[in-house]
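One-letter residues, chain by chain:
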Amino acid sequence: HNFNLFPDLNPVEATSALFFQLFPNISVTIYPHSVYTLMTFPTSTPGVTKETLSLLMAPGAKLKDDTDEQYKEKCEELLAFVVNINDEDVVAIENLQEGLYNARDQ
């Protein structure tokens, strides 16, 4: 593991992620060591979305033998992973917005 986990997780929870969608624009993902939230907001330009992503690490997530710099690098790598996954979804969201905008004019 790159991080200590939340305390008191059972074996399934320790290797799982939970994904919650709060319609229409909020996502909450819970990993065994962290939580991230993503809020998407349409802009006045069809097909352009503004996003706010927050990564929250579990208290005590830093491994005992990691330096502060190693922990920071691991957190940055985790955030880059989350951003990469999210970027794959952005196109779909923005295409949906364009389709809804265009459908209004029909």
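Everything below is about the structure printed above this text.
Each value, and the rule that gives it
Residues numbered from 1 in each chain as written. Predicted model: local features only at pLDDT ≥ 70, side-chain atom pairs only at ≥ 80, totals over all residues. Heavy atoms only, no water. Pairing = 2+ DSSP bridges. Helix = DSSP H or I, 4+ residues; strand = E, 2+ residues; numbered from the N terminus. Axes fitted to C-alpha atoms, helices over the stretch in contact; angles between N-to-C directions. Contact = heavy atoms within 4.5 Å. Salt bridge = Lys/Arg side-chain N within 4 Å of Asp/Glu carboxyl O. Buried < 20%, exposed > 50% of the residue type's maximum accessible area, 1.4 Å probe, protein only.

Caption draft 1: Spotlight on the pairing of strand β1 (residues 18–22). As paired elements, β1 and strand β2 (residues 26–30) share five bridges and run antiparallel to each other. Each residue of the ladder has a partner; that of Q21, found in β2, is S27. Remark: three residues form the turn of the hairpin made by β1 and β2, two consecutive strands paired antiparallel.

Caption draft 2: Region of the structure containing the pairing of β2. Here β2 runs beside strand β3 (residues 34–42); their pairing, made up of five bridges, is antiparallel. The residue of β3 that forms the bridge with T29 is Y36. Counted along the chain from β2 to the antiparallel partner β3, the turn is three residues long.

Caption draft 3: Representation of the sheet that holds strand β4 (residues 49–57). Here four strands make up an open sheet; going across it, the order is β1-β2-β3-β4 and the pairing antiparallel. Strands at the two margins of the open sheet, each flanked by one partner only, are β1 and β4. The sheet shows a mean angle of 15° between the axes of neighbouring strands, direction not considered. Judged from the nine bridges that link them, β3 and β4 form a sheet pairing that is antiparallel. Considered in β4, the bridge of T40 is made with E51. Its contacts with the sheet place helix α1 (residues 68–104) against β3 and β4, and it is angled at close to 150° to β4.

Caption draft 4: Representation of the pattern of salt bridges in the model. Going through the model one piece at a time under the given rule, you end up with two salt bridges. In this structure, K62 and D68 form a salt bridge, with 3.4 Å as the shortest nitrogen-oxygen distance. Exposure remark for K62: the relative accessible area of 30% places this residue in the partly exposed category. One salt bridge connects D66 with K74, and the closest N-O pair in it is separated by 2.6 Å. The pair formed by D66 and K74 is uniform in burial state, with each residue classed as buried.

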